Amino acid sequence: MDIINHGVFFAIEGIDGSGKTTQSRDLVDSLIKNGFNAVYTMEPSKGYIGTFIKKKIIMNKKVSPEVEALLFAADRFEHIDSEILPLLRKGKIVVSDRYVHASIAYQGAQGIDLEWIESLNYFTIEPDLAIYIDVPPSVGISRKKGKKSVFENLESLSKVRKIYQDLVDKGNLTLINGMKKRDEIGKDLYKLALQTIEEKLRSQT
Ligand code: TMP
């Protein structure tokens, strides 16, 4: 089922190893099983700038956090134009694995002014619901296998988590406990998503 007039946009956030990719994909699968047209997407995106970030920046930091913030914002605008908006205009449900709050948390954790990061992202579209899946940094790190990104150490992820938690306290992100079992987190997430979809459908009729 497509959502008439306009789709629904979800952003899923969390520190590395929080399970947000698994949960974003599970959410899309559950929505599809329940008859909705849902699509998984992610940041860094699969576009030109996102690919550059993944290859050059994340595994091998060579630029300042300011440049990182600019690159992630540039990738985001490309992501919005080439993927998110066209899907929403077709009435799809879009689930983005990371979005604006990741820049606030990750680049902010490196000492960059949060308002400046927000201003770079001022003209991005607002998600209908932005969710933060919380796990302690030690759990996130222990879950990640293979080569770690430049952000994946206890000190950095503790700062990232603190900013995410502040955004939850301000009401900008909705908290989900990432320490529960995979299917329990999935149920919590689906419930929140369904509420948002129903509210949107009601507002359209
Ligand atoms: P991923 O783990 O979701 O693939 O994201 C890759 C890394 O990119 C992750 O360590 C967080 C980082 N990141 C930022 O630092 N700023 C951003 O705006 C985004 C979207 C991701």
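Look up: the structure comes first, before these words.
Note that the coordinates shown come from a computational prediction; the quantities given were computed from them, not determined experimentally. (Residues numbered from 1 in each chain as written. Predicted model: local features only at pLDDT ≥ 70, side-chain atom pairs only at ≥ 80, totals over all residues. Heavy atoms only, no water.)

Colleague: Looking at this structure, I do not really get the overall build of the protein chain. What am I missing?
Modeller: When its secondary structure is counted, the protein chain shows eight helices and five strands. Walking the protein chain from its N terminus toward its C terminus, one meets helices and strands in the order β-α-β-α-α-β-α-α-β-α-α-β-α. Since a compact globule built from 205 residues should have a radius of gyration of about 17 Å, the 16 Å found for the protein chain is in line with a globular shape. In terms of overall dimensions, the protein chain has a C-alpha envelope of 50 × 35 × 30 Å along the principal axes. Look at the contacts in the protein chain between residues 6 or more apart in sequence, and 80% of them connect residues 24 or more apart. Computed over 30 positive and 28 negative side-chain charges, the inter-centroid distance for the protein chain is 6 Å. (Helix = DSSP H or I, 4+ residues; strand = E, 2+ residues; numbered from the N terminus. Rg over C-alpha atoms; globule rule 2.2 N^0.38 Å. Contact = heavy atoms within 4.5 Å. Lys, Arg positive; Asp, Glu negative; His and termini not counted. Charge placed at Lys NZ, Arg CZ, Asp CG, Glu CD.)

Colleague: So what exactly am I meant to see when it comes to the side chain of arginine 76 here?
Modeller: Within the secondary structure layout, arginine 76 lies in helix H3 (residues 65-89). Engagement of the side chain of arginine 76 in a polar contact is seen with the side chain of glutamate 43, the distance being 2.7 Å. Only 3.0 Å separates the side chain of arginine 76 from the side chain of serine 103, close enough to count as a polar contact. Discounting chain neighbours no more than four positions away, the residues touching arginine 76 are Glu43, Tyr99, Val100, Ser103, Asn121 and Thr124. (Polar contact = N/O pair within 3.5 Å; in protein donor to acceptor, adjacent residues only side chain to side chain.)

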